[in-house]
Amino acid sequence: MPDAKNPPRKMMFQLGLRRRGISDQAVLRVMEDVPRELFVEPADRDDAYRDTALGIACGQTISQPFVVAYMTEQLSLQKSHHVLEIGTGSGYQAAILSRLCKWVLTIERYRTLADRARKRLEDLGCDNVEVMVGDGFDIPAGVGNFDRILVTAAMEQIPDALAERLEPEGVLIAPVGPQHGVQTLVRLVRTESGFERRELVDVRFVPALPGIAREL
Ligand code: SAH
């Protein structure tokens, strides 16, 4: 039973996010609602509510909760938005996004990760998410443009072709920088005359690699 000396892990999780500056109530609510323990490896369940990235299959990672909350807050999501995520990984970020917008397309280069994420999202009833095996550097024309784009793997630069997939006034957030080191989160906004670019905070993400993974 939760008591004052032993507050439930989820309450501490929320407090930690608030303390680090997350203030959007809708974002805090979904961070509380979505069970992160279902997205980590079974052996890591006890650590699911620590503010740390954890390893998942295929040598990839589920991002640190603060970074997930921060990027989500910076996207300024609305219920009408169509959102593209590049780098499905565990599917956790996609689940968070799905509760705050109309539709999410999430793309992953490892089939194993995509299949597992799809199953988790289905089990959680996230029926407005499509998980696609593909290459975020080569997005099929048929999927259209997006109000918001979130890249969750490090890119050395943001490809013009990706920025061009933003709707007018659309927002793209991506970790930009060297593949093995510290990157900076960049927020691009599509304006009438081009793009407005702002640098947010330093982060560390696994690299975005071209092509569909050959191993499963
Ligand atoms: N958002 C994830 C964490 C992402 S880790 C979560 O919530 O768990 C980054 C992911 O991006 C990895 O799974 C990696 O395989 C994937 N990735 C890397 N390059 C990619 C590319 N070009 N296209 C699609 N996915 C890519």
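Predicted model, so just to flag it, every value in this text is computed and none were measured. (Residues numbered from 1 in each chain as written. Predicted model: local features only at pLDDT ≥ 70, side-chain atom pairs only at ≥ 80, totals over all residues. Heavy atoms only, no water.)

Residues and numbers for the UniProt feature "active site" (unreviewed entry) in the protein chain, please.
UniProt tags Ser63 as "active site" (unreviewed entry). Mapped onto the elements of the fold, serine 63 is located in the loop between strand 2 (61-62) and helix 3 (65-74). Ignoring anything within four residues of it in the chain, the contact list for serine 63 reads Arg36, Thr52, Ala53, Val68 and Phe205. (UniProt positions renumbered as here; feature names shortened; annotations may be inferred. Helix = DSSP H or I, 4+ residues; strand = E, 2+ residues; numbered from the N terminus. Contact = heavy atoms within 4.5 Å.)

Any details on the packing of helix 1 (residues 9-19) against helix 2 (residues 25-33)? Residues and values, ideally.
It is the contact of helix 1 with helix 2, at a shortest axis distance of 10 Å, that shows an interaxial angle of 150 degrees. In terms of orientation, helix 1 lies roughly antiparallel with respect to helix 2. The two elements helix 1 and helix 2 cross, and the hand of that crossing is right-handed. Contact with helix 1, carried on its side by Lys10, Phe13, Gln14, Leu17 and Arg18, involves Gln25, Leu28, Arg29, Met31, Glu32 and Asp33 of helix 2 and no other residues of that element. (Axes fitted to C-alpha atoms, helices over the stretch in contact; angles between N-to-C directions. Parallel < 35°, antiparallel > 145°, perpendicular 65-115°, else oblique. Left-handed = near helix turned anticlockwise from the far one by under 90°.)

A description of the environment of valine 176 should follow, citing residues and the corresponding values.
Following the sequence through the fold, valine 176 ends up in strand 7 (residues 166-176). Its relative accessible area of 12% is what places valine 176 among the buried residues. Sequence separation between valine 176 and aspartate 202 is 26 residues; the distance between their C-alpha atoms is 9.3 Å. Those residues in contact with valine 176, other than ones at most four positions away along the chain, are Met155, Glu156, Gln157, Ile158, Gln183, Thr184, Val186 and Arg197. (Buried < 20%, exposed > 50% of the residue type's maximum accessible area, 1.4 Å probe, protein only.)

Account for the layout of surface pockets, with residues named and values stated.
A volume near 500 Å³ is recorded for the largest pocket. Thr61, Gly87, Thr152, Ala153 and Val206 are, among the 35 residues lining the largest pocket, the residues nearest its centre. Taken together, the elements giving at least two residues each to the lining of the largest pocket come down to strand 2, helix 3, strand 3 (82-86), helix 4 (92-98) and strand 4 (103-108). (1 Å grid on protein atoms, 1.4 Å probe; cavity = no way out; pocket = protein on both sides within 12 Å on 5 of 7 lines; lining within 4 Å. Points joined across faces, edges and corners; volume = space filled by probe spheres on them.)

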